[in-house]
Amino acid sequence: MDRSEKTGLGVAIAGHVVLFGLLSVSLLWHRPPPSTHAPMDVTLSTEAAMEAAAPHITQNPAQSVAPEVGPPEEAAPATPLTSAAPEPEPAPPQPKPAPAPKPAPAPKPKPEKQQPKAEAKPHAAPEKTQGHEKAAAKPRERGSHLGPDFLKGITADKSTSRDQAPRASKVGARDIANIAGLIKRQVQPCYVLGALKGTSAMSIVTVIRLQFRRDGSIASATLSEQDGVNGSNQQYAKQMFDLSRRAVLRCSPLKGLPPDLYEGGWEDFDMVFTPSDFG
Amino acid sequence: MRFATLWMLAGLIGLATPAIAQDATMPPSSAPQAAPGQQSGRLRVDITGGIGAPTPIAIPPMPTTAVTNTPAGPTDQLGQKLAGVITDDLRNSGLFSPVASNRLRAVTVPEVTAPAFDYWSSTGAQVLVEGYVRANGDGSLTVGCYLYDVYARTELTRQGFVVRPADWRRAAHKCADTVYTRLTGEGPYFDSRVVYVSETGPKAHRIKRLAIMDQDGANHRFLTNGQSIVLTPRFAPNRQSIVYMSYVGKQPAIYIYDIGTGRQRLLVRGDRTTFAPRFSPDGRYVLFSMAIGGNTDIYRIPAAGGTPQKLTNSPGIDTGGSYSPDGSRIVFESDRSGTQQIYVMNADGSNQHRISFGGGRYATPVWSPKGDLIAFTHIGSTFQIGVMSPDGGNQKLLTDGWQDEGPTWSPNGRVIMFFRTTQGGSGKSDLWSVDKTGVAERRIPTPLDGSDPAWGPLRP
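Residues numbered from 1 in each chain as written. Chains lettered and ligands numbered in written order. Predicted model: local features only at pLDDT ≥ 70, side-chain atom pairs only at ≥ 80, totals over all residues. Heavy atoms only, no water.

## Focus on the packing of aromatic side chains
Phase 1: Counted by the stated rule, this structure contains 14 aromatic pairs over all chains.
Phase 2: Pairing Phe212(A) with Phe269(A) gives two aromatic rings, centres 5.5 Å apart and planes at 0°, and the pair type is stacked. Of this pair, Phe212(A) sits in strand S1 (residues 205–212) while Phe269(A) sits in strand S3 (residues 268–274), and the two are 57 residues apart along the sequence. Phe269(A) carries the same exposure label as Phe212(A), and that label is buried.
Phase 3: Within the aromatic cluster, the residues linked to one another by ring pairs are Tyr180(B), Tyr189(B), Phe190(B) and Trp455(B).
Phase 4: In this structure, Arg105(B) packs its charged tip against the face of Tyr119(B), placed 4.7 Å from the ring centre. (Phe/Tyr/Trp six-rings, centres within 6.5 Å; stacked < 30°, edge-to-face > 60°. Helix = DSSP H or I, 4+ residues; strand = E, 2+ residues; numbered from the N terminus. Buried < 20%, exposed > 50% of the residue type's maximum accessible area, 1.4 Å probe, protein only. Lys NZ or Arg CZ within 6 Å of the ring centre and 35° of its normal.)

Rendered as C-alpha cells:
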C-alpha cells in the first residue's frame, strides 16, 4: 500500500464517518409526516366483517363527562290530576329489595330515588314538587355524576368507563351482501311451497319484516307487503305468507352471523320470498 | 474492506428506514364496493324458487272427553279412526306427508287447545292437526278439529262438527277439508262422492252397473242391478240425481236416476240415439248428443223434460258438451276438421271455435269447476289425460298410462279422476286420480273394475 492508497483509504473512511454522522443526526430530527387517516380497526373474517374504515373513537375520558341528573324540565307531575292519569312508573330496581311494598303509591315524587346510582348528591337537593304548575315554574334541577377526581387530571387509575359505541359505526355494502348470502344459505332449504307449487300463487312475492335477537333467534316476523296478488291468486295470499314465515322460523336461529354487524345489519331487515325461479 | 462494507450497509439501512415507515401509514388502496342487488344501507335477503315437497303434518289420535259406547263404536276408538281417515285424505291428496304413526303420541283433551309444539317440531311436522270426540246426550257426536302451525306456534283454524255416529267418516272428511282448505288455499273436496260404472265379467259380456262411493272408496254401493248396460253417469248439482246413458233393449237412451227413491226416468222421448249427457251448472238443463241421419249434434233439454234445442249444426260428430261453471260457454269435441278436436262456443251455440292445436286427437273435454282449466283425453300413440286453459293455451299432459280417459274434476277443481285400461286383451280398467299439477297419481280402490267416474259436488 503506497502513500496515495493510504490517503485514499483515509479519505474514504473519513467520508463514511461523516456520512454516518449526518444520517444519524437526520434520523434524530426526522419526524414522520402526520397521518392523514385515522387508525383503523381491522377484523379478519372469511365471511362478513366490518367495513375497514372510519372507526368511532372515544376522544374524551369518561371521568370528564358530567351528565345532568334530576327530573327533566318537562317531567310530569307525580300527583295524579285525574283518575285517568297513568299510574307512576315503578322505580328502577334497587340494590336491595324493599322489605315490603308500600300500601299506597307515594303521592309526591322523589327524584333522588330515581337516580339511585348517582355517586355524588346534587349540591342542592331538589325540593319536593307539589304539583305540575309548581314544578314547571321552578328552575330546572340539575345534578352531576362528577366524581371526586373531577378536574384533577388524568389519574393512574384505570378508567371505569366503557365506550359503548360500536367499533364500526357503519355497515358497509359488502358486509350487507355477505350477511345476505349467509342468511340466504340457511333459509333457502326451508322454503317449501308444498301444495302451492305450480299454481297461480307462484307470482306472489311476499316480503316479511324480520327482527332478530342477538342469539340469532327471531323476535318478530310480520308481513310487510305482497306483490303480484290478483283476482286469480288472491286465495293463496295468506298461504304464501304462512309458508314464507314458516321457512325462516324453521331455519332459525340463524348461525354464524357476526355480532359486530347486528346493529344496523341483521337486527332488523326484510326477507323477500319469490316462489318462481324466474322472478 | 470488510469494515467499510459494514458501514455502507448500515448507511443504506438508515436511508431506507423512513421509507418503510412511510409505507406502513398508507391508507387502503380502495374502498369496498357495493355488491350488486343490494340496496344501499339496508339489508335485504332474497329467497327465490321454493321446493315443491309435500308438507309434513302430524295427526295424532283424537282423545275423547269420556269413553262412551256409540253405534259406531267406543269414542276412544273412534278418535283413532277419525285421525286415520284424516291422515289418508291428506296423504292421498299428494300435498301432505303425514308423520309416521310410531312418532305420534297420545294427546289429552286439554292438550288439544294447548299443543306441545316443542315435541311436534321434533317429529319434523310443520303443521299439526288435533281434535277430540265427544258423545252428546242426544246420540250425536261432536268432533272438534284444530289446525296449528308448529313453528309459528299459532292456531290456524278450528272447526267443530256434529254428526250422527253413522256419519263419523264425514266428520273426518270435513276436518280434513278444513285443514286442506286452510293450508292450500283451495276449496274443499274430501267430503264428496263419486258415481262410476262398475264392471265385471269377460270383455265380450261385461256386466256394467252404476255404483256410488265416497271419494276415498268407502261406503261403496251399487245403484243398478246390471241387467242393462249403463254408461257415462254424471252428477246433478243437487247431488240427488244422476244422468246417464243406458241400453234398454238395444236402444241407447238418456235416463235420470234419483238417488233418494232409486227410480229412473227416460229424459228424451223418441227413438233417436241419445248419449253423452251432462247437467248445466244450475241443474236446470241437460246437454246431450243426438244422432239424426248420420249427423250428430249437441242439444239442450230441460232437466224436467221437454223439447230439445239444437246448439250445433255442422256435418260430422259434435258431442261431449260441458258447461263452463258460470254457464255462459260450452266446451265440446267435434271432428268437423277431419279429426276429433276441442271447440268452445257460447251457451246459445254461437261463436264456435277450435282451441286444441297440439297434434293428435282430443276428446272428452270437461270444464273445471273453478273455470280456469279444461281437462281432456289426448289421443296419440296412447291415451293421456291433460289440461289446458279455456283459450287452448298452457296445455299439459298429466298421465302416462296405456289408455287413460274420461276425466272428471273434483268439486274444488284441483284433482282429476279418470279411468285407466290396461294394455292387452283383458280390458281391465280401474279408477285413478291425479292432481292438476301432474303429481299424486293414485288408484282409487273399487271392489270390481271401474270406468267412467263422475265426481259429485261437495256435500253440505
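Continuing now.
## Quick notes on the sheet that holds strand S7 (residues 141–149) of chain B
All names here are of chain B.
Phase 1: On the basis of which strands lie adjacent, the open sheet formed by five strands has the order S5-S2-S6-S7-S8 and mixed pairing. With one partner strand each, in any of the chains shown, strand S5 (96–98) and strand S8 (154–163) form the two edges of the open sheet. Averaged over all pairs of adjacent strands, the angle between their axes in this sheet comes to 25°, without regard to strand direction. (Pairing = 2+ DSSP bridges. Axes fitted to C-alpha atoms, helices over the stretch in contact; angles between N-to-C directions.)

## Focus: the packing of helix H2 (residues 75–92) of chain B against helix H5 (residues 168–184) of chain B
Residue and element names in this part refer to chain B.
Phase 1: Taken N-terminus to C-terminus, the directions of H2 and H5 make an angle of 45°; their axes are 9 Å apart at the nearest point. If you check the angle between H2 and H5, you find them oblique. For the crossing formed where H2 meets H5, the hand is right-handed. Of H5, the residues touching H2 (which contributes Leu 78, Lys 81, Leu 82, Val 85, Ile 86, Asp 89 and Leu 90) are Trp 168, Arg 169, Ala 171, Ala 172, His 173, Cys 175, Ala 176, Val 179 and Tyr 180. (Parallel < 35°, antiparallel > 145°, perpendicular 65-115°, else oblique. Left-handed = near helix turned anticlockwise from the far one by under 90°. Contact = heavy atoms within 4.5 Å.)

## Examining the environment of Ala125(B)
Residues and elements named next belong to chain B.
Phase 1: Inspection of the secondary structure puts Ala 125 in the loop between helix H4 (117–122) and strand S6 (127–135).
Phase 2: Taking the C-alpha atoms as reference, Ala 125 lies 6.6 Å from Val 99; in sequence the two are 26 residues apart.
Phase 3: Aside from chain neighbours lying at most four places away, what touches Ala 125 is Pro 56, Ile 57, Ala 58, Val 99, Trp 120, Val 150 and Tyr 151.

## Some thoughts on the pattern of salt bridges
Residue and element names in this part refer to chain B.
Phase 1: Evaluated as defined, the whole model comprises 28 salt bridges over all chains.
Phase 2: Between Lys 428 and Asp 449 there is a salt bridge, and its shortest N-O distance comes to 2.9 Å. Pair noted here: Lys 428 is in the loop between strand S29 (415–421) and strand S30 (429–435) and Asp 449 is in strand S32 (residues 449–458), with a separation of 21 residues, a long-range link.
Phase 3: For Asp 449, a relative accessible area of 11% corresponds to the buried category. (Salt bridge = Lys/Arg side-chain N within 4 Å of Asp/Glu carboxyl O.)

## Regarding H5(B)
Residues and elements named next belong to chain B.
Phase 1: The terminal C-alpha atoms of H5 lie 24 Å apart, and with 17 residues this matches the ideal 24 Å at 1.5 Å per residue to within 8%.
Phase 2: Most of H5 is tucked away: 15 of the 17 residues are buried.
Phase 3: Positive phi shows up at Gly 185, right after H5, with a value of about 80°. (Expected span 1.5 Å × (residues − 1).)

## Observations regarding the packing of helix H4 (residues 237–250) of chain A against H5(B)
Phase 1: In the contact formed by H4(A) and H5(B), the axes pass within 7 Å of each other and the chain directions differ by 80°. Between H4(A) and H5(B), the interaxial angle falls into the category roughly perpendicular. Where H4(A) approaches H5(B), its residues Lys238(A), Gln239(A), Asp242(A) and Arg246(A) are matched on the opposing element by Thr181(B), Arg182(B), Leu183(B) and Thr184(B).
Phase 2: Taken together, the residues of the contact of H4(A) with H5(B) sort by class into one nonpolar, three polar and four charged. (Nonpolar A, V, L, I, M, F, W, Y, C, P; charged D, E, K, R; others polar.)

## Re the side chain of Ser314(B)
Residues and elements named next belong to chain B.
Phase 1: As for its placement among the helices and strands, Ser 314 is situated in the loop between strand S19 (309–310) and strand S20 (318–323).
Phase 2: Given the relative accessible area of 10%, Ser 314 is considered buried.
Phase 3: Only 2.8 Å separates the side chain of Ser 314 from the side chain of Asp 318, close enough to count as a polar contact.
Phase 4: In this structure Ser 314 touches Asn 295, Asp 297, Ser 334 and Arg 336, once residues within four positions along its chain are discounted. (Polar contact = N/O pair within 3.5 Å; in protein donor to acceptor, adjacent residues only side chain to side chain.)

## Considerations on the confidence of the model for chain A
Residue and element names in this part refer to chain A.
Phase 1: Overall, the prediction assigns chain A a mean pLDDT of 67, with 48% of residues at 70 or greater.
Phase 2: Per-residue pLDDT stays below 50 along residues 49–155; that stretch engages in 83 contacts with residues further than four places along the chain or on separate chains.
Phase 3: Per-residue pLDDT stays below 50 along residues 162–169; that stretch engages in eleven contacts with residues further than four places along the chain or on separate chains. (pLDDT = per-residue confidence, 0-100.)

## Section: the pairing of strand S1 (residues 44–48) of chain B
Phase 1: In S1(B), alternate side chains face the same way, and those of Val45(B) and Ile47(B) are buried while those of Arg44(B), Asp46(B) and Thr48(B) on the opposite face are not.
Phase 2: Here S3(A) runs beside S1(B); their pairing, made up of five bridges, is parallel. What sits directly across from Phe273(A), in S1(B), is Ile47(B).

## Concerning the nonpolar core
Phase 1: Within the largest apolar cluster, 81 residues are counted, with the highest numbers of intra-cluster contacts made by Ile183(A), Trp266(A) and Met271(A).
Phase 2: For this core, the leading source of residues is H5(B), giving eight residues.
Phase 3: Filtering out sequence-adjacent residues up to four positions away, Trp266(A) remains in contact with Ile179(A), Ile183(A), Phe212(A), Arg213(A), Arg214(A), Gly216(A), Leu257(A), Pro258(A), Leu261(A) and Leu43(B).
Phase 4: Judged by nonpolar contacts, the second largest core, of 14 residues, contains Val197(B), Ile212(B), Leu223(B) and Tyr244(B). (Core = buried A, V, L, I, M, F, W, Y, C linked by side-chain atoms within 4.5 Å.)

## Re unusual backbone geometry
Phase 1: With omega at 5°, the peptide bond leading from Ser252(A) into Pro253(A) counts as cis.
Phase 2: Inspection of the secondary structure puts Pro253(A) in the loop between H4 and helix H5 (262–266).
Phase 3: Unlike most non-glycine residues, Asn394(B) shows phi in positive territory, near 55°.
Phase 4: Relative to the helices and strands, Asn394(B) resides in the loop between strand S26 (383–388) and strand S27 (396–397).
Phase 5: Of the residues examined, Asn394(B) reaches a relative accessible area of 63% and is grouped as exposed.

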